[in-house]
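Listed here are the chains, written in short residue letters.
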Amino acid sequence: MSRLPDPGASRAVLIGTSQYSHLDALPAVANNLGALAQALSGPLGWGLNRDSCIVVSEPTNATQVLDAVQVAADEATDTLLVYYAGHGLLGYGGGGELYLAATGSVLQREDTGLRYAQLRDMVLHGRAERHVVVLDCCFSGKALGAMSGPSDLMDHAEIEGSYVIASAPRDKVALAPPGEPFTAFTGELIEVLRCGIPGGPALLDLDDVFTHIRKRLKAKGRPAPQKRDRNTAGWLALGRNPAYRQPPLAHESRQESGVAVRSWPDPNGIRTAQGFILSLRRVREVSGMRNLDISRYSGGKISKGTVSSLQSRESMPKLWRTVEAYLSACGVPENEVTHWKKTWKRLRDEEDRAVVTKDKSVTEVPGEAEKSRSAAWKQFFRRGVRTKGG
């Protein structure tokens, strides 16, 4: 079953090098980064905030990239996505390992770029349960408009339990067509995230996106990308399908039939309050209802203002009956509402424990003012004891 990652527990690192001191420039790469960041952070994507979607543009050295990836790998517990676009180079003799070029990279000088194996290991040993790696990279020595990858790219790229996409097969070049705003592969990726797949499912999972991009590139006579995935990583969604059209269904008939015909968000994958609130907003979008409609269908249990504030708050809703009335009014089936309740209770308990822990730490670690007052009273009592005894 396809599902979107929890934005509060997921991170993306988008890396791109378009300008080089010793290699051909790839100006389209600069456009790739901004468009992808917008797609992942937008309402149809993962809903990542600015701190959760890190853009590393024109890195000058490997440390700059690894520092950003390390932070993301430490923070992400749901999904970690790492994207690189630029020159992909091979080591000595053209048969060495893959490394990703920085602005000052030099041919056959691994020390001037980032070893892919090092990046891979950092991603693999992070806290995230799922990893997505997208490599839109090239060799140097190609004229503007052509990018190529190492013959054993997928062997280099493999990460167990993850989804890895390479922009070209081992014996082909990946294109950065002159005059086009994006590189060939990333351009198709951005297109599908912006426009969707007509007739496709509500969520654009990795398998659907990869298959769609591959067909479009082959139809244009361009190199077809490769992928390697493990376990169920292909079910992970990159966003919602803008081209998806839900079947028309009156609210009353949903209540009478009790049949779930719409693709409601799955509460079981929610890990944070941010993910919970975002999913509540998506429930309203799936229902196709206005806030006023939801208030009316709740039978007066929640007002229009409450419906609005429920979708805009930052912390977990305190009352389950409010959430339950909202979900039921939107048409979420009763059996799915039960799963929402379990998730709501788990996240509320986590928030309560966090508050208790914070209050306890404040109590146990007094501030400087409290310390000063405590020391003054102790000194006063010691003087008093000495006076009485003398």
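Numbering of residues starts from 1 in each chain and follows the order in which that chain's sequence is written. Since the coordinates come from a predicted model, pLDDT governs what is reported: local features require at least 70, and pairs of side-chain atoms require 80 or more to be given and counted, while whole-chain, interface and lining totals use all residues. As a rule here, side-chain values come from all non-hydrogen atoms in the structure, and water together with hydrogens is ignored.

Colleague: I keep staring at the overall build of the protein and nothing clicks. Help me out?
Modeller: Numbering of helices and strands runs from the N terminus; a helix is a DSSP stretch of H or I covering at least four residues, while a strand is a stretch of E covering at least two. Across its full length, the protein carries 13 helices and 12 strands. To sort residues, take the accessible area from a 1.4 Å probe on protein chains only and compare it with the maximum for the residue type: under 20% means buried, over 50% means exposed, and anything in between is partly exposed. For the protein, the proportion of its 390 residues judged to be buried stands at 49%. We call two residues in contact when some of their heavy atoms are within 4.5 Å. Long-range contacts, defined here as pairs at least 24 residues apart, represent 72% of the contacts in the protein between residues at least 6 apart. For the protein, the accessible surface area stands at approximately 18,900 Å², while carbon and sulfur atoms represent 52% of it. Every accessible area reported is derived by Shrake-Rupley at a probe size of 1.4 Å, with residue values counting cover from the shown protein chains alone.

Colleague: Mind showing me how you'd approach helix 2 (residues 62–75) here?
Modeller: Under the 1.5 Å per step criterion, the end-to-end length of helix 2 is 20 Å for 14 residues, consistent within 8% with the ideal 20 Å. Turning to helix 2, its buried residues are Val65, Leu66, Ala68, Val69, Ala72 and Ala73. One side of helix 2 holds all its buried residues, which, seen down the axis, span an arc of 165°. In this fold, the buried residues of helix 2 make contact with strand 1 (11–16), strand 2 (53–57), strand 3 (79–90), strand 5 (113–115) and helix 3 (116–124). Whenever a nitrogen or oxygen atom comes within 3.5 Å of another N or O atom, the pair is scored as a polar contact, on the condition that within protein one atom can donate a hydrogen and the other can accept it, and that pairs from neighbouring residues in sequence are kept only if both atoms are in side chains. Between the side-chain oxygen at the start of helix 2 and the backbone nitrogen of threonine 63 there is a gap of 3.2 Å, and the oxygen is on asparagine 61. Here the expected length of a helix is defined as 1.5 Å per residue gap, with one fewer gap than residues. As used here, the arc belongs to the directions running from the helix axis to the C-beta atoms.

Colleague: Could you clarify how one ought to interpret the packing of helix 8 (residues 273–287) against helix 11 (residues 320–330) in this entry?
Modeller: If you want to describe how two helices pack, look at the angle between their axes and the distance between the axes. Whenever a helix is involved, its axis is fitted only over the stretch in contact; in every case the axis is a line through C-alpha atoms, and angles between N-to-C directions fall within 0 to 180 degrees. Close contact between helix 8 and helix 11 brings their axes to 9 Å; oriented N to C, the two are set at 25°. Between helix 8 and helix 11, the interaxial angle falls into the category roughly parallel. Crossing geometry of helix 8 relative to helix 11 is assigned as left-handed. Between helix 8, through Phe276, Leu280, Arg281, Val283, Arg284 and Ser287, and helix 11, the contact on the second element is made entirely by Val323, Tyr326, Leu327 and Cys330. Only Asp, Glu, Lys and Arg are considered charged, only Ala, Val, Leu, Ile, Met, Phe, Trp, Tyr, Cys and Pro nonpolar, and every remaining residue, Gly among them, polar. Classifying every residue of the contact of helix 8 with helix 11 gives seven nonpolar, one polar and two charged. Here the word oblique covers every angle except those under 35 degrees (roughly parallel), over 145 (roughly antiparallel) and from 65 to 115 (roughly perpendicular). Crossings are classed by handedness, with left-handed meaning an anticlockwise turn of the near helix from the far one by less than a right angle and right-handed meaning a clockwise turn.

Colleague: Help me out: how do you make sense of the environment of leucine 33 in this one?
Modeller: Relative to the helices and strands, leucine 33 resides in helix 1 (residues 28–41). On the basis of relative accessibility, which here comes to 3%, the residue leucine 33 falls in the buried class. Once the C-alpha coordinates of leucine 33 and glycine 16 are considered, the two residues, 17 residues apart in sequence, prove to be 6.7 Å apart. When neighbours within four sequence positions are excluded, leucine 33 is seen to be in contact with Leu14, Ile15, Gly16, Val55, Val56, Ser57 and Tyr83.

Colleague: In this structure, what is going on with the packing of helix 2 against helix 3? I would like to understand it.
Modeller: Contact pair helix 2 / helix 3: the axes reach a minimum separation of 9 Å and the direction vectors enclose 15°. On the basis of the axis angle, helix 2 is roughly parallel to helix 3. Considering the relative orientation of helix 2 and helix 3, their crossing is right-handed. Across the interface between the two elements, Leu66, Val69, Gln70 and Ala73 of helix 2 pack against Gln118, Leu119, Met122 and Val123 of helix 3. Residue composition of the contact of helix 2 with helix 3, by class: six nonpolar, two polar and no charged.

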